[in-house]
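Structure at a glance
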Amino acid sequence: MADAGRHPNITLLTGSEVKSVKGYVGNFTAKILKKARFVHEDQCTACGDCAEVCPVVVPDEFNEGLSSRRAIYQPFPQAVPSAYVLDIKNCLGHDPIKCGKCAERCDKKCIDFDMKDEELEVKVGTIVVATGMEVYDPTVLDEYGYTRYANVLTSLELERLINAGGPTQGQVVRLSDRRRPRSVAFIQCVGSRSQKRGNPYCSNICCMNTIKSTLQLKEHYPDIDLKVFYIDIRAFGKGFEDLYRRSRLEGAQYVRGLPGAVREDPATGDLILTVENTATDKLEEHRAEMVVLATGVHPPEEMHIVQEMLALQKCSDGFYLEAHPKLQPVDSATKGIFFAGCAEGPKDIKESVTQASAAAARASRLMSPGRLLVEAITAEVHDEACTMCGICAKVCPYNAISFDKKSGRPAKVNEAACAGCGTCAAECPASAIHMHHFTDDQINAQIDAILEEDPHAVIPVFACNWCSYAGADFAGVSRMQYPANTRLIRTMCSGRVREDFVWRAFQRGAPVVLVSGCHIGDCHYIDANHWTEKRVKRMWRKMEKLGLRPERLQLEWISAAEGVRFRDVMQRMEELRQSVSAQELAETLRILQEEADRTAAKRETAA
Amino acid sequence: MSDDKQALEPRVGVYVCHCGLNIAGAVDCAAVAEYAEGLDNVVVARHDGYCCSEPGQNRIKEDIAQHRLNRVVVASCSPRLHEPTFRQCVAAAGLNPYLMEMANLREQCSWVHSHEPQAATAKAKDLVRSAVARTRGLSARHEIEVPMDQATLVIGGGVAGIQAALDLADDGFKVFLVEKQPSIGGMMARLDKTYPTMDCSI
Ligand SMILES: Cc1cc2nc3c(=O)[nH]c(=O)nc-3n(C[C@H](O)[C@H](O)[C@H](O)COP(=O)(O)OP(=O)(O)OC[C@H]3O[C@@H](n4cnc5c(N)ncnc54)[C@H](O)[C@@H]3O)c2cc1C
Ligand code: SF4
Ligand code: SF4
Ligand code: SF4
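Residues numbered from 1 in each chain as written. Chains lettered and ligands numbered in written order. Predicted model: local features only at pLDDT ≥ 70, side-chain atom pairs only at ≥ 80, totals over all residues. Heavy atoms only, no water.

1. Focus on the nonpolar core
What counts here: We define a nonpolar core as any set of buried Ala, Val, Leu, Ile, Met, Phe, Trp, Tyr and Cys residues linked to one another through side-chain atoms lying within 4.5 Å. Under the scheme applied here, a residue whose accessible area is under 20% of the maximum for its type counts as buried, over 50% as exposed, and between as partly exposed, the area being computed with a 1.4 Å probe on protein chains only. Where each domain begins and ends is defined by an automated method or by a domain database. The contact definition used throughout considers only heavy atoms, calling two residues in contact when any of these lie within 4.5 Å.
Of all hydrophobic cores here, the largest spans 60 residues; its most connected members are Phe462, Val502 and Leu553 of chain A. Mapping this core onto the domain boundaries places at least three of its residues in each of domain 3 (375-435) and domain 4 (438-598) of chain A. Residue contacts for Leu553 of chain A: discarding those within four places in its chain leaves Val502, Phe506, Val513, Val515, Val536, Met539, Trp540 and Met543 of chain A. If you look at the next biggest cluster of nonpolar residues, it comprises 43 residues, including Val27, Phe86, Cys89 and Leu105 of chain B.

Shown next, in the form of structure tokens:
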């Protein structure tokens, strides 16, 4: 920790938040808000004189509220940076009538009430997301009485009690009578592995953490009576089984079965656990002077802020989704962004560190050459065809198109800024934009090819590379079965799907068409899928007007993790397809032919 | 091969991969290859146990030289997995990597229609036909070189963020380590002893 504070290449920005990230791999620009600390961190020697005179006393969150701190404080003794911080919300204020004692007391004069929040802009080539996890709050699991009984704690509270630097200097005591408990019961899987409440996944660390706690308690208090209530003990890592065996040898008793309820004996503050022992099939009662809930972990409450800012994807359990679960375990689907630690899923320190080093190596490998080759999927305007309407410049999420009506010059794409979503090419009314590697001709050829043989039996699906196509891959990896008459056409972004493509599919006899992309807010091209949505809605209105059933064109958002959703959507598409009769198809062809004739006639008169 | 030559009349090679039994378990790969052979512009079509293996890739390279292929279709797994592999493969044989196209016969066919070999084979043929149709319109592309800022933003200063920051900083890169709390350390800073070594965490 201290190394990170000292390293000449590391700029430590604590009390800070990332406000926005723009750009792409190699060229990200991030805005960071560094909140005022009110103490100059480079001058503060952490002597603590200020805190001695501060009259404000508030619960100390670092100790889970088991102790108190002042309004000016150091989060914990080894904190980096090693400087005090002023909690302005609880501070009485600088005004001498109100307080201001700390500033008066500090000899070095490093307390500065006028300090302002600072906004910094940094340019980086890569990003590592290591936002970790949070501990499950057992308040909702009322049967364990966490809020009702003083002697029911969480594992994190026990961690703080047993810590020599903690609120009790390492003494484990009951909160009801400050007496050392003679017996402790641990309840495993609190908030984990439940389909009903809390989270369905295994939190990975709580079994080993409990085993560790039993050994610590036995070391401090050899005569203590310990019981662990569990579903199964997961001790699969290197050296883990050995600790588990030691815990049992030291006398900790492992009981298979989770208590249905915890009651307090009001006279003693002891707790009574009723449990169905699944090893003996007997209903048992156990008494303990303290109960520790082995709480699981979940993604941080505010994770969505960074997730949306970087357009990252989440798994169904809420943690970040890696580009490939086996082969690219620390890459995100966005080039240049990597995951480290619990941000990607619950794991212990060793795994977090391993993953962090892997992420660093992946980032390093990308940055070392000092330059980067980007895929040549970019847009280009055909000058002769451009009618100078300016729509492309308006829809481009990257502002990559320069257009000035007054100049009388056609629109121009800045190749380095173009990310290749294809929205401009889809929206250009003059078809003047050539989308390299995903040209109109290429996509039309694919549409024709899949509808060549028996179009009525086929379901054409436009799928974006990052989400829905990846979701289809995920359904595949999970071996989910769905109707075999689905045919995917991949584009980089759903924003690329031009109206003409859909009309063409219907003209070729497609009974139904699906356009699919990333969820709104998750688009890999900032917000290009907003244009997809607008376009599809526009088409629905047109279909309505023409007398075609709008539901034959479907729009679905399917993320890379939503294999199940992909399968379900395919099944629904097949039901929809079956609802389209031969007569309806014939009628469609007639309507679209008439419409095409009308447009052609109009064009002729215009010319 | 110059870009101009590659723009001539398409000469397509099609490679249908068995992926062991992953694809061949549901798709009749020989039938798909035979079908592909009959498509316009297809000069050669083969099926192979593992296209991504060294012999598999060498076969493609040899064909590019021997049959003067200027387009390649690999019908195997998802392009999200092996597009870089096969792009490199054709590039090594002098073909512009953007003239290689994949048909996804594994994630989007054999694995999801495992009990319907006939339907899966029919779909595989359609996917190959669609890929071949697409390759006809492909043109050579050259990747754009962009500058790379040699700095990293690390969001979160727990043990993972700290480790990543230190590794990158030691490698000589500038690192901005952003932590929302007043101190770095994250969860680990709150632990006393940690498993499996049972030593102090900080
Ligand atoms: C009770 C308990 C006991 C444990 N015991 C052990 C043990 O004995 N041995 C072991 O190996 N593991 C143990 N673990 C697991 C260990 O704590 C984790 O493996 C480790 O802390 C993960 O590190 P991390 O950096 O990924 O996440 P964290 O430690 O959660 O750190 C994430 C950091 O990111 C910051 N952050 C989050 N969001 C943002 C944002 N938007 N902007 C800026 N900063 C942000 C957070 O403030 C935090 O500092 C235990 C966990 C718990 C809960
Ligand atoms: S000014 Fe605020 S921080 Fe300083 S002593 Fe008073 S209450 Fe404490
Ligand atoms: S392809 Fe997308 S990013 Fe590129 S210019 Fe068009 S709209 Fe902008
Ligand atoms: S190319 Fe893909 S499908 Fe073929 S063997 Fe390799 S992994 Fe399997």
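2. What about the packing of aromatic side chains?
To keep it simple, the criterion reads: Stacked, edge-to-face and tilted labels apply to pairs of Phe, Tyr and Trp rings (six-membered ring for Trp) whose centres lie within 6.5 Å, assigned for plane angles under 30 degrees, over 60, and everything in between, in that order. By definition, any uninterrupted DSSP run of H or I lasting at least four residues is a helix, any uninterrupted run of E lasting at least two residues is a strand, and each is numbered from the N terminus. Charge-over-ring placement is defined geometrically: NZ (Lys) or CZ (Arg) within 6 Å of the ring centre, and within 35 degrees of the ring normal.
Counted according to the given criterion, the structure contains nine aromatic pairs over all chains. Consider the rings of Tyr230 of chain A and Tyr254 of chain A, whose centres lie 6.3 Å apart with planes at 65°: the pair is edge-to-face. Of this pair, Tyr230 of chain A sits in strand β13 (residues 225-230) while Tyr254 of chain A sits in strand β14 (residues 253-256), placing them 24 residues apart in sequence. Accessibility assignment for this pair places Tyr230 of chain A and Tyr254 of chain A in one class, buried. Taking 5.4 Å as the distance between ring centres and 90° as the angle between the ring planes, the aromatic pair formed by Phe240 of chain A and Tyr195 of chain B counts as edge-to-face. Within this pair, whereas Phe240 of chain A is found in helix α6 (residues 240-249), its partner Tyr195 of chain B is found in the loop between β8 (193-194) and β9 (199-200), the two belonging to separate chains. Tyr195 of chain B shares its class with Phe240 of chain A; the two are buried. Each member of the aromatic cluster is reached from another via a ring pair, and the members are Tyr230, Tyr244 and Tyr254 of chain A. Of note, Lys534 of chain A hangs over the ring of Trp531 of chain A, and the distance from its end group to the ring centre comes to 4.3 Å. Note that Arg190 of chain B overlies the ring of Phe62 of chain A, its terminal NZ or CZ placed 5.6 Å from the centroid.

3. Re the site of ligand 2
Note the cut-off: Nearness of a residue to a molecule or strand requires only that one of the residue's heavy atoms be within 4 Å of it. Ten residue types, Ala, Val, Leu, Ile, Met, Phe, Trp, Tyr, Cys and Pro, are classed as nonpolar, four, Asp, Glu, Lys and Arg, as charged, and the remainder, Gly among them, as polar.
Near ligand 2, the surroundings consist of 13 residues, among which Cys54, Cys91, Cys99, Gly100 and Cys102 of chain A are the closest. Along the lines of polarity and charge, the residues of the shell around ligand 2 split into ten nonpolar, two polar and one charged.

4. Notes on the pattern of salt bridges
Residues and elements named next belong to chain A. For clarity, the threshold we go by: Criterion for a salt bridge: a side-chain nitrogen of Lys or Arg within 4 Å of a carboxyl oxygen of Asp or Glu.
Under the defined criterion, the tally for this structure stands at 60 salt bridges over all chains. Here Asp3 ties to Arg6 by a salt bridge, and the two come within 2.9 Å at their closest N and O atoms. Taken as a pair, Asp3 and Arg6 lie in helix α1 (residues 2-6) at a separation of three residues, close to a single helical turn. Given the relative accessible area of 45%, Asp3 is considered partly exposed. Overall, the relative accessible area of 61% leaves Arg6 in the exposed class. The shortest N-O distance in the salt bridge between Arg69 and Asp87 comes to 3.1 Å.

5. Regarding the state of the cysteines
All names here are of chain A. Threshold: We call a pair of cysteine sulfur atoms a disulfide when they lie within 2.5 Å.
Under the criterion given, the structure shown has one disulfide over all chains. Covalently, Cys467 is tied to Cys518 through a disulfide, its sulfur atoms 2.3 Å apart. Looking down the S-S bond of the Cys467 and Cys518 bridge, the torsion is 95°, so its handedness is right-handed. Remark: Cys518 occurs in the loop between β28 (513-517) and α14 (528-546) and Cys467 occurs in the loop between β26 (459-464) and α12 (468-477); sequence separation between them is 51 residues. With respect to burial, Cys467 and Cys518 carry one shared label: buried. As a non-bridged cysteine, Cys523 has Cys493 as the owner of its nearest cysteine sulfur, 4.3 Å distant. Residue class for Cys523 comes out buried when judged on its relative accessible area of 2%.

6. Side note on the site of ligand 3
The local shell around ligand 3 holds 13 residues, among which Cys396, Cys418, Cys421, Gly422 and Cys424 of chain A are the closest. In terms of residue class, the shell around ligand 3 is made up of eleven nonpolar, two polar and no charged.

7. Concerning the domain arrangement of chain A
The extent of an interface is frequently quoted as the accessible surface area lost upon association of the parts. All names here are of chain A. The following threshold applies: Summed over both partners, buried area is the accessible surface (1.4 Å probe) that two parts give up on being assembled. Under this definition, polar contacts are N or O atom pairs within 3.5 Å; protein pairs additionally need one hydrogen-donor-capable and one acceptor-capable atom, and for neighbouring residues in sequence, both atoms have to be side-chain atoms.
Domain parsing of chain A yields domain 1 (2-126), domain 2 (134-298), domain 3 (375-435) and domain 4 (438-598). Domain 3 and domain 4 are separated by 25 Å when their C-alpha centres are compared. Taken together, the contact pairs 19 residues of domain 3 with 18 residues of domain 4. Regarding the contact of domain 3 and domain 4, the summed buried area is about 1,400 Å², with carbon and sulfur atoms giving 54% of it. Among the residues domain 3 hides against domain 4, the three largest losses belong to Ala426, Glu427 and Met435. Together they make up 30% of the total. The closest approach of N and O atoms between Glu427 and Arg535, which form a salt bridge, is 2.7 Å. Summed over the shared surface of domain 3 and domain 4, the result is ten residue pairs in polar contact (both at pLDDT 80 or more). At the level of elements, α9 (391-395), α10 (423-427) and β25 (433-435) are the ones that each hand at least two residues to the side of domain 3 that touches domain 4. Among the elements that take part in the side of domain 3 that touches domain 4, α10 stands out by supplying four residues, more than any other. For the side of domain 3 that touches domain 4, the residue count by class is eleven nonpolar, five polar and three charged.

8. Section: the sheet that holds strand β20 (residues 337-339) of chain A
The line we're drawing: By this definition, two strands are paired if DSSP reports at least two bridges between them. The axes are straight lines fitted to the C-alpha atoms, using for helices just the contacting stretch, and the angles between their N-to-C directions are given from 0 to 180°.
The strand order across the open sheet built from five strands is β1(A)-β7(B)-β6(B)-β9(A)-β20(A), with neighbouring strands paired in parallel fashion. Two strands bound the open sheet, and with one partner strand each, they are β1 (10-13) and β20 of chain A. Neighbour-to-neighbour, the strand axes of the sheet open up by a mean angle of 20°, direction not taken into account. Strands in contact with helix α7 (residues 303-310) of chain A are β9 (126-129) and β20 of chain A together with β6 (151-155) of chain B; relative to β9 of chain A, the strand with the most contacts, it is inclined by about 155°. The sheet strands contacting helix α8 (residues 349-367) of chain A are β9 and β20 of chain A together with β6 of chain B, and the helix crosses β20 of chain A at an angle near 165°.

9. Side note on unusual backbone geometry
Cis peptide bonds are those with omega within 30 degrees of zero, and the linkage from Val80 of chain A to Pro81 of chain A qualifies with 0°. With omega at -5°, the peptide bond leading from Tyr195 of chain B into Pro196 of chain B counts as cis. Summarising the element assignment, Pro196 of chain B is placed in the loop between β8 and β9. Of note, Arg193 of chain A is a non-glycine position whose phi angle comes to about 50°, a positive value. Inspection of the secondary structure puts Arg193 of chain A in the loop between β12 (183-190) and α5 (206-220). Arg193 of chain A gets classed as partly exposed once you look at its relative accessible area, which sits at 25%. Look at Asp281 of chain A: it is not a glycine, yet its phi comes out positive at around 60°. Mapped onto the secondary structure, Asp281 of chain A falls in the loop between β16 (270-277) and β17 (282-288).

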